[in-house]
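Chain by chain, the residues:
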2 protein chains.
Amino acid sequence: MAGPVATRDKIVGSALELFWERGYEATGISDIVERAGVRSGSLYHFFENKEHVLVAVLETYQAALIPHIFDPPFQRERDPLERIFAVLADYRNRLLTTAFKYRCPIGSLALEVGPVSERARVLIDANFAAWRAAIASQLSQLRLRRGNDPASLAAFVLTVMEGGVMQAAAHRSAEPYDESIAHLRAYLTSLLK
Amino acid sequence: MAGPVATRDKIVGSALELFWERGYEATGISDIVERAGVRSGSLYHFFENKEHVLVAVLETYQAALIPHIFDPPFQRERDPLERIFAVLADYRNRLLTTAFKYRCPIGSLALEVGPVSERARVLIDANFAAWRAAIASQLSQLRLRRGNDPASLAAFVLTVMEGGVMQAAAHRSAEPYDESIAHLRAYLTSLLK
DNA sequence: GTCTATAGGATGATAGAC
DNA sequence: GTCTATCATCCTATAGAC
């Protein structure tokens, strides 16, 4: 313990922000300690190296997934299908409130560090799996036509979110995201009994 | 001119490979000139800085898009719908032949440098637009039910490719990609008259 | 646990000869 | 256009006092 916010948490929180804003490679240890308001000695007291900071950031994302990404939209909506589109509407809001600079932090790290850090890749995969599980639990409450597996459909929902956010960021417009979500809705609706 | 392969082309080709293998930030000027077999003075003769090398790489991708990504699958298949899935089958092969380390180079650069280099972001957006146009030209040859816009559907196809490749790389398995493509096929088929 | 100070190497970029 | 040589800075990581 070291005061109202523990030093380790300040370091992880600053790294989380910076990796999201600039990416992993573009963020220096010096940037992290500067934003956290600590010295590099403190960072290296808690973490062996920069990759271990990344691991802590990915564990933080995983812990925040249900309370931050799923609980608010699931509170707003009752219908399982509408809950899924409420989650996707929240991502749309993130695009708007960041002037289309929003990138999914997990998706960005998947492409940037997945190939070079196996430990990070496993944690990114776990984040994706938890995201799919939350969607699949709603899909399994729907009356789907035979042959439609909630887990497989949840992977499709994640695919559409990630691909839609990527295109919207590149296009600096919500249009590709909105179009993709509209097609997803048409498809999921067509699968209902 | 400077021999069988011009120096500038060697630099751009090496940078293209390295940005794809390691990403933009993780690639140093020294890596690029080493792989190209030239000295840094040559690189700075042709390019003002590293960002200008990135611009040349993105222009190279754009020029290669039709001949490398679309012509081969379009030669193999005649039916417009099967042409689209032949393109997507080629991406699946890239996943397999790279042991699931394949990342779409444009998608990766979209997330990594899109937010920091506006000139790169515009070129990435142009690459995406050309990709969508090639798909839309096939979709417009299909007899689609009313209200289905080829351009909007092409954005959905790109969304599914990018999101599916991302998940497959994180999962080190073709499964999330295959599931996503299967759902896309079910959806597109349902739109045919 | 936190600090100061710094090692040791890599980085992007430049100068100027040829 | 290509080369050698190098600057100035930044980087990750460490050592050791407190």
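Residues numbered from 1 in each chain as written. Chains lettered and ligands numbered in written order. Predicted model: local features only at pLDDT ≥ 70, side-chain atom pairs only at ≥ 80, totals over all residues. Heavy atoms only, no water.

Moving on: the interface of chain B and chain A. Contacts between chain B and chain A engage 39 residues on the former and 39 residues on the latter. In total, about 3,700 Å² of surface goes out of reach between chain B and chain A, with carbon and sulfur atoms giving 62% of it. The interface formed by chain B and chain A holds 0 salt bridges in total. Run the count over chain B and chain A and you get 16 residue pairs in polar contact (both at pLDDT 80 or more). Of all elements in the fold, only α6 (105-113), α7 (118-139), α8 (150-171) and α9 (175-190) of chain B reach the threshold of two or more residues within the side of chain B that touches chain A. Per-class residue counts for the side of chain B that touches chain A are 17 nonpolar, 12 polar and 10 charged. (Contact = heavy atoms within 4.5 Å. Buried area = accessible area lost by both parts, 1.4 Å probe. Salt bridge = Lys/Arg side-chain N within 4 Å of Asp/Glu carboxyl O. Polar contact = N/O pair within 3.5 Å; in protein donor to acceptor, adjacent residues only side chain to side chain. Helix = DSSP H or I, 4+ residues; strand = E, 2+ residues; numbered from the N terminus. Nonpolar A, V, L, I, M, F, W, Y, C, P; charged D, E, K, R; others polar.)

Let's shift gears to the nonpolar core. Counting 138 residues, the largest nonpolar core has Leu88(A), Trp131(A), Leu88(B) and Trp131(B) as the members making the most contacts within it. For Trp131(A), the contacting residues outside a window of four places in its chain are Leu65(A), Ile69(A), Phe70(A), Val87(A), Leu88(A), Tyr91(A), Val157(A), Leu158(A) and Met161(A). (Core = buried A, V, L, I, M, F, W, Y, C linked by side-chain atoms within 4.5 Å. Buried < 20%, exposed > 50% of the residue type's maximum accessible area, 1.4 Å probe, protein only.)

Residue and element names in this part refer to chain B. It is at 11 Å that the axes of helix α5 (residues 80-97) and α9 come closest, and there the two elements cross at 175 degrees. The orientation of α5 with respect to α9, classified from their angle, is roughly antiparallel. Contacts between α5 and α9 involve Leu-81, Glu-82, Phe-85, Leu-88, Tyr-91, Arg-92 and Leu-95 from the former and Tyr-177, Asp-178, Ile-181, Leu-184, Arg-185, Leu-188 and Thr-189 from the latter. For the contact of α5 with α9, the per-class residue count stands at 9 nonpolar, 1 polar and 4 charged. (Axes fitted to C-alpha atoms, helices over the stretch in contact; angles between N-to-C directions. Parallel < 35°, antiparallel > 145°, perpendicular 65-115°, else oblique.)

What follows concerns a positive patch on the surface. A contiguous patch of positive charge, built from Arg143(A), Arg145(A), Arg146(A) and Lys193(A), is present on the exposed surface. Its place among the elements puts Arg143(A) in the loop between α7 (118-139) and α8 (150-171). (Patch = residues over 30% accessible without salt bridge, like charges linked within 9 Å, V, L, I, M, F, W, Y side chains within 5 Å. Areas by Shrake-Rupley, 256 points an atom, 1.4 Å probe, with all protein chains shown as cover. Lys, Arg positive; Asp, Glu negative; His and termini not counted. Charge placed at Lys NZ, Arg CZ, Asp CG, Glu CD.)

Time to look at helix α6 (residues 105-113) of chain A. Every α-helical turn comprises 3.6 residues, leaving residues that sit three or four positions apart pointing alike. Buried residues dominate α6(A), accounting for 9 of its 9 residues. All of the buried residues in α6(A) are Pro105(A), Ile106(A), Gly107(A), Ser108(A), Leu109(A), Ala110(A), Leu111(A), Glu112(A) and Val113(A). Residues of α6(A) that are buried make contact with α1 (7-22), α4 (50-76), α7 and α8 of chain A together with α6 and α8 of chain B.

The next subject is the packing of aromatic side chains. Considering all chains together, one arrives at 16 aromatic pairs over all chains under this definition. Ring geometry for Phe70(A) against Trp131(A): centres 5.7 Å apart, planes inclined by 65 degrees, an arrangement best described as edge-to-face. Of the two residues, Phe70(A) is situated in helix α4 and Trp131(A) in helix α7; the sequence distance between them amounts to 61 residues. Each member of the pair, Phe70(A) as well as Trp131(A), carries the same accessibility label: buried. Note on Trp20(B) and Tyr102(B): the rings are 5.9 Å apart at their centroids and 45 degrees apart in plane angle, and the pair reads as tilted. Of this pair, Trp20(B) sits in helix α1 (residues 7-22) while Tyr102(B) is found in the loop between α5 and α6, placing the two residues 82 residues apart along the sequence. Look at Trp20(B) and you get partly exposed, because its relative accessible area is 27%. Within the aromatic cluster, the residues linked to one another by ring pairs are Trp20(A), Phe70(A), Phe74(A), Tyr91(A), Tyr102(A) and Trp131(A). It is Arg185(A) that lies over the ring of Phe85(A); its NZ or CZ is 4.2 Å from the centre. (Phe/Tyr/Trp six-rings, centres within 6.5 Å; stacked < 30°, edge-to-face > 60°. Lys NZ or Arg CZ within 6 Å of the ring centre and 35° of its normal.)

Residue and element names in this part refer to chain A. Counting through the fold element by element, Leu-43 comes out in helix α3 (residues 40-46). With relative accessibility at 0%, the residue Leu-43 sits in the buried group. The spatial distance from the C-alpha of Leu-43 to the C-alpha of Trp-131 is 30 Å, given a sequence separation of 88 residues. The contacts of Leu-43, once residues within four sequence positions are left out, are Ile-11, Ile-29, Ile-32, Val-33 and Val-53.

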